[in-house]
Amino acid sequence: MRRVRQFAWLLLALVVLASLGAGLWAPADYALQFRETPNSPPSHQHLLGTDELGRDRFSRVLYGTRVSLLMAPAAALLSTLLATLVGGVAGYLGGWWERAAMAATDLFLSMPWLFLLLAVRAMLPLNVSPMTSVGVTFLLLGLLGWAASARVLCAGARGLRNADFVLQARASGLRGMRLLALHVMPNLKPVLAAQFWISIPVFIISEANLGILGLGVAEPLPSWGSLLREMESFTSFGFEAWKLVPLVLLVVVVSSFQIVLSHDEVYA
Amino acid sequence: MHKLIRQLAAMAGLVLVGALLSATLVRLAPGFDVDEQQMDARLSSESIEALRQARAQDRNLTRFYLHYLGRAAHGDLGQSRTLDRPVRELLAERLPVTARLAGAGLLVGWLCAVLLAVGATMARQAACDLAATVLGGIFLSLPAAVLALLFVFANAPAYLVIALVVFPKVFSYTRNLLAKSYNLPHLVTAYAKGLGPLRILLWHVLPVAGTQLLAVAGISVSIALGAAIPVEALCGISGIGQLAWQAALGRDLPLLVNLTVLVTVITLAANWGSDLAGQRFRTAAA
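Computed from a predicted model, the values in this text were never measured in an experiment.

Here the focus is the nonpolar core. Grouped together as the largest cluster of nonpolar side chains are 127 residues, with contacts concentrated most on Leu118(A), Ile162(B), Ala244(B) and Leu256(B). Beyond its immediate chain neighbours, meaning those up to four positions away, Ile162(B) contacts Leu101(B), Ala102(B), Gly105(B), Leu106(B), Gly109(B), Ala224(B), Ala227(B), Ala228(B) and Val231(B).

Right under this line is the structure:
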């Protein structure tokens, strides 16, 4: 299993590096249209062919991977911070605070994720610029995805509330936010890290679902969701396997995350 | 009885707070107090002013919420802006479709997950375990929308997509639970004493794991309802998932809010039901 995990790390590193260097390796801009060669098969000029607008599919995959792989961790960071604020602080304070925070968490958890996401996304304009749509999509994912992590962090903070070292610090005169920042939060770091890493594949998949439904990142900016939307126009897969590269990449990356996350230390 | 009343009160409280949040969303959404009719050039300024006055009543959030609750109590959930039909009528028409789809998906997903988890755990072979894990991992990595598209191409029934979305989550949980149960000291003793695998499973493993599995049953309802959106939207099934998608594209907030509240109530009821069943199961097992 150790070898499989190392291989998963290697794959993730390769995909991240390839996407970060999209500007260097991509043969064309993601929006540049080669109007003479729409829907062309793979060639020396276009490694994965072109889409129906004549855009180089390989370049779009590289740039789309960069958008998904940079923004999903950003959304995960935001949701983990919110979870810390709601769950961590409530667990540490206990009493009424904890009950109120957990009631809010229960409410969020009882609303199916996609329904909630659609309801909030529909509040905002749909015809926004591509960069705004990236921000809106991942901001929403981060703002709405904190509930499950908050519950875990609340349990962790509750466990630390009456720990010997916290009682000793309290007896020494340390109080409030200083005690929280100096003694409770550093001990919640492993839980925070685990929640952050667990959220990344969840947000990647959510963005893909939103993108396919036309509610994610706006054209012409690519993301895995908007690239997978091309599948709607497929009529057969048989001889056009290169069109499935974004899907294969998504499955490989999310599976790699799962394998890496199955490591006991991450869950510690 | 006291506990039952407390749980019902907690559920009602959550629904009321959820409805307040939803009403707040509708009230604060851009363009809330603008009616499309106000753009009609044929309307006189008095008519436009009358329309504005009618809208102005709902500007106060508390008043809007109470108005919303009052209408909801009388069964009036408002009018869909995009479909121009009463929301109540739309829900009554589409909910049974989603219920059938999600129900069939949950049944198949749970059956496959539990059978495969039991098989993989009882086989106690690394290859078998790895194959089951890889299978579960692949389905866990596929977005529901992609599965729905693949099933459209394959002309396969849509409820299988819901089953495949539910399957990996239930499978991984059940497998971990069974693996822990099989390592308990009393089961090792039972094995050593020569008890058959089926007897061990039915008499010693399932009664212990059953309560925890029932807890997941409630959560899986929420997963299935969430997956219903891409499945119905892409497979062309007229259920509440497709309705939510259409409402999101048309920014039909009254419809979307009512759908979210309805789905929240269903999820809360499912969680509550599975908790109750778990308690009964625990009492019976004891």
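There's plenty left to go through after this.
This part takes up the confidence of the model for chain A. Residue and element names in this part refer to chain A. Taken over all residues, the pLDDT of chain A has a mean of 85, while the share at 70 or more is 95%. Averaged pLDDT values over the elements of chain A bottom out at 45 in helix α12 (residues 264–267) and peak at 92 in helix α3 (residues 57–93). Across residues 264–268, confidence stays below pLDDT 50; counting only partners more than four residues off in sequence or on other chains, it has six contacts.

In this section: helix α6 (residues 130–144) of chain A. All names here are of chain A. Over its 15 residues, α6 extends 21 Å from the first C-alpha to the last, a length consistent with the 21 Å expected when each residue adds 1.5 Å. Listed as buried for α6 are Ser133, Val134, Val136, Thr137, Phe138, Leu140, Leu141, Gly142 and Leu144. Those residues of α6 that are buried are in contact with α3, α5 (113–123) and α9 (176–212).

As a further point, take the packing of α3(A) against helix α4 (residues 95–110) of chain A. Residues and elements named next belong to chain A. At a minimum axis separation of 7 Å, α3 and α4 run at an interaxial angle of 150°. Taken together, α3 and α4 sit at an angle that is classed as roughly antiparallel. Regarding α3 and α4, the two cross each other, and that crossing is left-handed. Between α3, through Val86, Gly87, Ala90, Gly91 and Leu93, and α4, the contact on the second element is made entirely by Gly95, Trp97, Glu98, Ala101, Met102 and Thr105. Each residue belonging to the contact of α3 with α4 can be placed in one class, and the counts come to six nonpolar, four polar and one charged.

Conventions used here
Residues numbered from 1 in each chain as written. Chains lettered and ligands numbered in written order. Predicted model: local features only at pLDDT ≥ 70, side-chain atom pairs only at ≥ 80, totals over all residues. Core = buried A, V, L, I, M, F, W, Y, C linked by C-beta atoms within 7 Å. Buried ≥ 20, exposed ≤ 12 C-beta atoms within 10 Å, placed from the backbone. Contact = placed C-beta atoms within 7 Å. pLDDT = per-residue confidence, 0-100. Helix = DSSP H or I, 4+ residues; strand = E, 2+ residues; numbered from the N terminus. Expected span 1.5 Å × (residues − 1). Axes fitted to C-alpha atoms, helices over the stretch in contact; angles between N-to-C directions. Parallel < 35°, antiparallel > 145°, perpendicular 65-115°, else oblique. Left-handed = near helix turned anticlockwise from the far one by under 90°. Nonpolar A, V, L, I, M, F, W, Y, C, P; charged D, E, K, R; others polar.

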